[in-house]
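# Structural features, examined
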Amino acid sequence: MKTIAVLGSTGSIGTQTLEVARANGDLKIAALAAGRNIKMLENQIREFHPSAVAVWEEEAAAQLRTAVADLDVKVVAGMDGLIEISTLPEVEILVTAIVGMIGIRPTIEAIKAGKDIALANKETLVTAGHIIMPLAKECNVRILPVDSEHSAIFQSLNGENRERVAKLLITASGGPFRGRTREQLKNVKVEDALKHPNWSMGQKITIDSATLVNKGLEVMEAKWLFGIDLDRIQVVVQPQSVIHSMVEFVDGAIIAELGTPDMKLPIQYALYYPDRRFLAGERLDFGKLARITFEEPDTDVFSGLPLAYRAAGEGGSMPTVFNAANEKAVSKFLHRQINFLDIYEIITECMDAHKTIQNPGVEEILDAEAATYELIESRW
Ligand code: NDP
Ligand code: MG
């Protein structure tokens, strides 16, 4: 029986992680963490009996303590709480399904404590890949990708000599606005951007899929996860989301992972790696699958992707600024304070205004994030 902790247990990845645990019956949930959804967290505590849970605010922690007073569970709060539950001695795998840069510190501390990481939180590698990857190597822990694209690449690399990789081909659905012009994107509504053609995900990442910023973040993560230069990472639009990503080797062979779009597959693969378990659900039916088509991403319209390559190319603190600017801009878009295309403008202006710090420490990363937020608040 494996023992895991789940950060962000009330979110899209978090709840699906618990579904995987429920279906398999042999994962012990030692700890859970969530933000505001105390009611759902209480239900999760009653079902999975973790020994400790963390919520962000002390007030919410106090409420939760009262609600679960009949149970033997410790309720902690804040960053200290997140770190405490991420480093519990019995935890073997930490699932980082929290959204935002608050995922970085608990992940670092868990790695230091020897926990394998099932990584969903994008911000961790995007902003601190240069810290996380060497640390994981030093502490001999595995970073197991949960994102479907990285999981597909991870699966395609099984048993291969990584020095024989020619390039990584990251597939993208193209999002709900694929094929549109800039003019047509000027006045799109939040509701339209939230209609992802294939995947059901949290709100922030769904908007990121519509702007292609999500693909940019995945390129940055892939660079760190697989130790590949940016010029050997290519994005391929494949609107049906049947191919979840591919690896091309030096002899021209391409190995891919295919399937129906279901995040439970990569989640389960990370949790049981290198084993595979049965997973209920639809199977690809090649008799019914009419076609798989490919396109190049439209980088003129969806400038989230070239901006990401630029940020990753400059490196240091620039990916943090790209990420933080996008995070704030998406939040403003979701609150209907800015238009869809303003997201790109905000990211560009923040990057232009930033002086890159090479090899930033965690403090400097968090400072770059705060400075980016301040700049946005003062201008938009
Ligand atoms: P959701 O918005 O659905 O969930 C986010 C989770 O984080 C919730 O449980 C939320 O708690 C929790 N959370 C937010 N703030 C805090 C906080 N301050 N302290 C503790 N917990 C907090 O996001 P997703 O599940 O979609 O995504 C999670 C991460 O995984 C993101 O980084 C995303 O980019 C990445 N990812 C997601 C994929 C997907 O299919 N959804 C695919 C690949 C990667 P609460 O709701 O209680 O406030
Ligand atoms: Mg993805």
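Structure: see above.
None of the values given here were measured: they were computed from a predicted structure.

## Thoughts on the sheet that holds strand β3 (residues 52-55)
Two pairing modes exist for strands in a sheet, parallel and antiparallel, and in both the strands are linked by backbone hydrogen bonds. One open sheet accounts for seven strands, arranged β4-β3-β2-β1-β5-β6-β7; its pairing is parallel. One side of each edge strand has no neighbouring strand; the edge strands of this open sheet are β4 (74-77) and β7 (143-145). Adjacent strand axes in the sheet meet at a mean angle of 20° when their direction is disregarded. Both strand β2 (residues 27-34) and β3 contribute to a ladder of four bridges, which runs parallel. The residue of β3 that forms the bridge with alanine 31 is alanine 52. Running over the sheet, helix α5 (residues 104-112) touches β1 (2-7), β5 (93-96), β6 (116-119) and β7 and is turned about 165° from β5.

## Considering the coordination of the magnesium ion (ligand 2)
At 2.1 to 2.2 Å from the magnesium ion (ligand 2) lie its protein donor atoms, namely Asp147 (OD), Glu149 (OE) and Glu218 (OE). Taken in sequence order, the residues that donate to the magnesium ion (ligand 2) follow the motif D-x1-E-x68-E. Exposure remark for aspartate 147: the relative accessible area of 10% places this residue in the buried category. In this structure glutamate 149 comes out as buried when scored by relative accessible area, which is 8%.

## Quick word on helix α4 (residues 78-86)
Turning to α4, its buried residues number three or more, namely Gly78, Gly81, Leu82, Ile85 and Ser86. On an axial view of α4, the arc spanned by its buried residues comes to 130°, and they lie on one face. Where α4 is buried, its residues contact β1, β2, β3, β4, β5 and α5.

## Brief notes about unusual backbone geometry
Residue proline 274 is reached from tyrosine 273 by a cis peptide bond, and omega for that bond is 5°. Located in the positive-phi region is histidine 49, a residue other than glycine, with phi close to 50°. Within the secondary structure, histidine 49 is located in the loop between α2 (38-48) and β3. For histidine 49, a relative accessible area of 51% puts it in the exposed group. Here arginine 336, not a glycine, exhibits a phi torsion of approximately 60°, which is positive. Along the chain, arginine 336 falls in the loop between α14 (318-334) and α15 (342-353). Take arginine 336: its relative accessible area is 53%, and that puts it in the exposed class.

## Focus on the packing of α2 against helix α3 (residues 58-67)
One way to put it is that α2 packs onto α3 with a least axis distance of 11 Å and a crossing angle of 40°. Classified by the angle between their axes, α2 and α3 sit oblique to one another. Here α2 runs over α3; the crossing is right-handed. Where α2 abuts α3, its residues Ile38, Leu41, Glu42, Ile45 and Arg46 lie against Ala60, Gln63, Leu64 and Ala67.

## Comments concerning the pattern of salt bridges
Opposite charge on two side chains permits them to pair, given that their charged atoms come into close proximity. Taken as a whole and assessed by the stated rule, the structure comprises 28 salt bridges. Note that aspartate 70 and arginine 46 form a salt bridge whose closest N and O atoms lie 3.0 Å from each other. Separated by 24 residues along the polypeptide, aspartate 70 in the loop between α3 and β4 and arginine 46 in helix α2 bring together distant segments of the chain. By relative accessible area, aspartate 70 is classed as exposed at 56%. On the basis of relative accessible area, arginine 46 is assigned to the partly exposed category, the value being 31%. Through salt bridges with shared partners, a single ionic network connects Lys122, Asp147, Glu149, Lys215 and Glu218.

## Quick word on the site of ligand 1
Residues in contact with ligand 1 amount to 24 residues; listed here are only the nearest, Thr10, Ser12, Gly35, Arg36 and Asn37. Between ligand 1 and the protein, one listed contact pairs an oxygen atom with a backbone N or O atom of arginine 36 at 2.7 Å. Within the contact set of ligand 1, an oxygen atom lies 3.3 Å away from a backbone nitrogen or oxygen of lysine 122. Considered on its own, ligand 1 offers 900 Å² of accessible surface; in the complex 86% of this is hidden by protein. Breaking the shell around ligand 1 down by element, the ones donating at least two residues are α1 (12-24) and α6 (122-138). Taken together, the residues of the shell around ligand 1 break down into eleven nonpolar, nine polar and four charged.

## Some remarks on empty space enclosed by the protein
Counted according to the given criterion, the structure contains one cavity of 30 Å³ or more. For the largest cavity, the calculated volume is near 50 Å³. Every residue along the wall of the largest cavity is listed here: Ser148, Ser151, Ala152, Gln155, Trp199, His244, Glu257, Thr260, Asp262, Leu265 and Pro266. Broken down by secondary-structure element, the contributors of at least two residues to the lining of the largest cavity are α7 (148-156) and α12 (264-272). The dominant element in the lining of the largest cavity, judged by the number of residues it contributes, is α7, at four residues. In terms of residue class, the lining of the largest cavity is made up of four nonpolar, five polar and two charged.

Definitions and cut-offs
- Residues numbered from 1 in each chain as written.
- Chains lettered and ligands numbered in written order.
- Predicted model: local features only at pLDDT ≥ 70, side-chain atom pairs only at ≥ 80, totals over all residues.
- Heavy atoms only, no water.
- Pairing = 2+ DSSP bridges.
- Helix = DSSP H or I, 4+ residues; strand = E, 2+ residues; numbered from the N terminus.
- Axes fitted to C-alpha atoms, helices over the stretch in contact; angles between N-to-C directions.
- Contact = heavy atoms within 4.5 Å.
- Donors = N, O, S within 2.8 Å, 3.2 Å for Na, K, Ca; no water.
- Buried < 20%, exposed > 50% of the residue type's maximum accessible area, 1.4 Å probe, protein only.
- Arc of directions from axis to C-beta.
- Parallel < 35°, antiparallel > 145°, perpendicular 65-115°, else oblique.
- Left-handed = near helix turned anticlockwise from the far one by under 90°.
- Salt bridge = Lys/Arg side-chain N within 4 Å of Asp/Glu carboxyl O.
- Near = heavy atom within 4 Å.
- Polar contact = N/O pair within 3.5 Å; in protein donor to acceptor, adjacent residues only side chain to side chain.
- Areas by Shrake-Rupley, 256 points an atom, 1.4 Å probe, with all protein chains shown as cover.
- Nonpolar A, V, L, I, M, F, W, Y, C, P; charged D, E, K, R; others polar.
- 1 Å grid on protein atoms, 1.4 Å probe; cavity = no way out; pocket = protein on both sides within 12 Å on 5 of 7 lines; lining within 4 Å.
- Points joined across faces, edges and corners; volume = space filled by probe spheres on them.

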